[in-house]
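Summary of structural features
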Amino acid sequence: DTGVSQDPRHKITKRGQNVTFRCDPISEHNRLYWYRQTLGQGPEFLTYFQNEAQLEKSRLLSDRFSAERPKGSFSTLEIQRTEQGDSAMYLCASSPPGVMTSGANTGELFFGEGSRLTVL
Amino acid sequence: GQNIDQPTEMTATEGAIVQINCTYQTSGFNGLFWYQQHAGEAPTFLSYNVLDGLEEKGRFSSFLSRSKGYSYLLLKELQMKDSASYLCAVRRLREGGKLIFGQGTELSVKP
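Let us look at the structure shown here. Everything numeric in this text was worked out from a predicted model, so none of it was measured. (Residues numbered from 1 in each chain as written. Chains lettered and ligands numbered in written order. Predicted model: local features only at pLDDT ≥ 70, side-chain atom pairs only at ≥ 80, totals over all residues. Heavy atoms only, no water.)

**Observations regarding the overall build of chain A**
Stated formally: Strands here mean DSSP runs of E at least two residues long; helices mean DSSP runs of H or I at least four residues long; both are numbered from the N terminus. It is over C-alpha atoms that the radius of gyration is taken, and the globule rule equals 2.2 Å times the number of residues to the power 0.38. The criterion used for residue contact is that any of the two residues' heavy atoms lie within 4.5 Å.
For chain A, the helix and strand inventory stands at zero helices and 11 strands. Helices (α) and strands (β) of chain A occur, in sequence order from the N terminus, as β-β-β-β-β-β-β-β-β-β-β. Its C-alpha atoms give chain A a radius of gyration of 14 Å, near enough to 14 Å, the size a compact globule of 120 residues would have. For the C-alpha atoms alone, the extent of chain A along its principal axes is close to 45 × 30 × 30 Å. In chain A, once contacts between residues fewer than 6 apart in sequence are set aside, the share between residues at least 24 apart is 55%.

Below is the structure:
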């Protein structure tokens, strides 16, 4: 399967612990996005990378959150000193370079299955 | 900022047609997307509109009016497997392709 993959799929941790999620995007995609989703809500944007450069971070991303994409391929999202409010599904998505207003490349985001975090 | 509004829940009958509306307010509009998300699964792309009008893909169609900030997703010949959350998302210019999502519409298809 050459889709977006995320690991781990589920993580249960105690408050105050650090957790790290990994995302492997589709290989030819240069853009990578992290979103957070809670029950009954749409995905909320956290941050995105173009190649290895982190180009935007949401205000939702407190200083306890850090994301990296060191070689422009896989990315990690680390949450330090987790809080119960961090419990959510963390979704990774990727998209190919270039967007056209017509034709096959719509610039759609391809999502992974997500990493579900539960903070006790 | 931007506002994206869609109904929280809808119910429809198997075999029927349902229309899910989405309104948005944004500057620099550069496309509207619809995604389907089954419980516990990843969102999957359904449709994309950047110009006014209707885009049809099998049982699914999506409409856009940029002047009204309005889109709808039309699902025909509903099947039980269409029960899912339907997410409306907007892309803006010069934002690296990121999408801003609405809260999603939970559609329940009844027999």
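After that view of the structure, there is still more to cover.
**A closer look at the side chain of D86 of chain A**
Keep this limit in mind: Here a polar contact means two N or O atoms within 3.5 Å. Within protein one must be a hydrogen donor candidate and the other an acceptor candidate, and residues neighboring in sequence count only if both atoms are side-chain atoms.
Following the sequence through the fold, D86 of chain A ends up in the loop between β8 (75-79) and β9 (88-95). Of the polar contacts made by the side chain of D86 of chain A, one reaches the backbone nitrogen of E83 of chain A; its length is 2.8 Å.

**Quick word on the sheet that holds strand β3 (residues 19-24) of chain A**
Residue and element names in this part refer to chain A. For clarity, the threshold we go by: Think of it this way: DSSP has to see at least two bridges between two strands before they count as a pair. In this analysis, axes come from line fits to C-alpha atoms, helices being fitted only over the stretch in contact, and the angle between any two N-to-C directions falls in the range 0 to 180 degrees.
Within the open sheet, the four strands sit side by side as β1-β3-β8-β7. Their pairing is antiparallel. Looking at strand neighbours, the two that pair on one side only are β1 (5-7) and β7 (65-68), the edges of this open sheet. In this sheet, adjacent strand axes meet at a mean angle of 15° when their direction is disregarded. Relative to β8, β7 runs antiparallel, the two being bridged by four bridges. Looking at the pairing, F65 lines up with I79 of β8.

**Considerations on the interface of chain A and chain B**
To keep it simple, the criterion reads: When two components associate, each loses some accessible surface as probed by a 1.4 Å sphere; the sum of these losses over both components is called the buried area. For salt bridges, the criterion is a side-chain nitrogen of Lys or Arg within 4 Å of an Asp or Glu carboxyl oxygen.
Counting from both sides, the interface comprises 23 residues of chain A and, opposite them, 21 residues of chain B. For the pair chain A and chain B, the summed buried area comes to about 1,700 Å², and 55% of that belongs to carbon and sulfur atoms. Note that E56 of chain A is salt-bridged to K98 of chain B, the shortest N-O span being 2.5 Å. Counting every contact that joins chain A to chain B gives eight residue pairs in polar contact (both at pLDDT 80 or more).

**Considerations on the sheet that holds strand β8 (residues 70-75) of chain B**
What holds strands together in a sheet is hydrogen bonding between their backbones, with the strands either parallel or antiparallel. All names here are of chain B. Strands sit in the order β1-β3-β8-β7-β6 across an open sheet of five strands; the sheet is antiparallel. Sheet topology places β1 (3-5) and β6 (53-57) at the edges, where each strand pairs with a single neighbour. Neighbour-to-neighbour, the strand axes of this sheet turn through a mean angle of 15°, independent of strand direction.

**Quick look at the pattern of salt bridges**
The test is simple: Between buried and exposed lies partly exposed: a residue is buried under 20% and exposed over 50% of the maximum accessible area for its type, with that area taken using a 1.4 Å probe on protein chains only.
The tally for this structure, following the rule as stated, stands at 10 salt bridges over all chains. The closest approach of N and O atoms between R22 of chain A and D24 of chain A, which form a salt bridge, is 2.7 Å. Residue classification places D24 of chain A among the partly exposed residues on the basis of a relative accessible area of 26%. Between E95 of chain B and R92 of chain B there is a salt bridge, with its nearest N and O atoms 2.7 Å apart. Both residues of the pair, E95 of chain B and R92 of chain B, count as buried. Because the salt bridges share partners, they merge into one network encompassing E56 of chain A together with R92, E95 and K98 of chain B.

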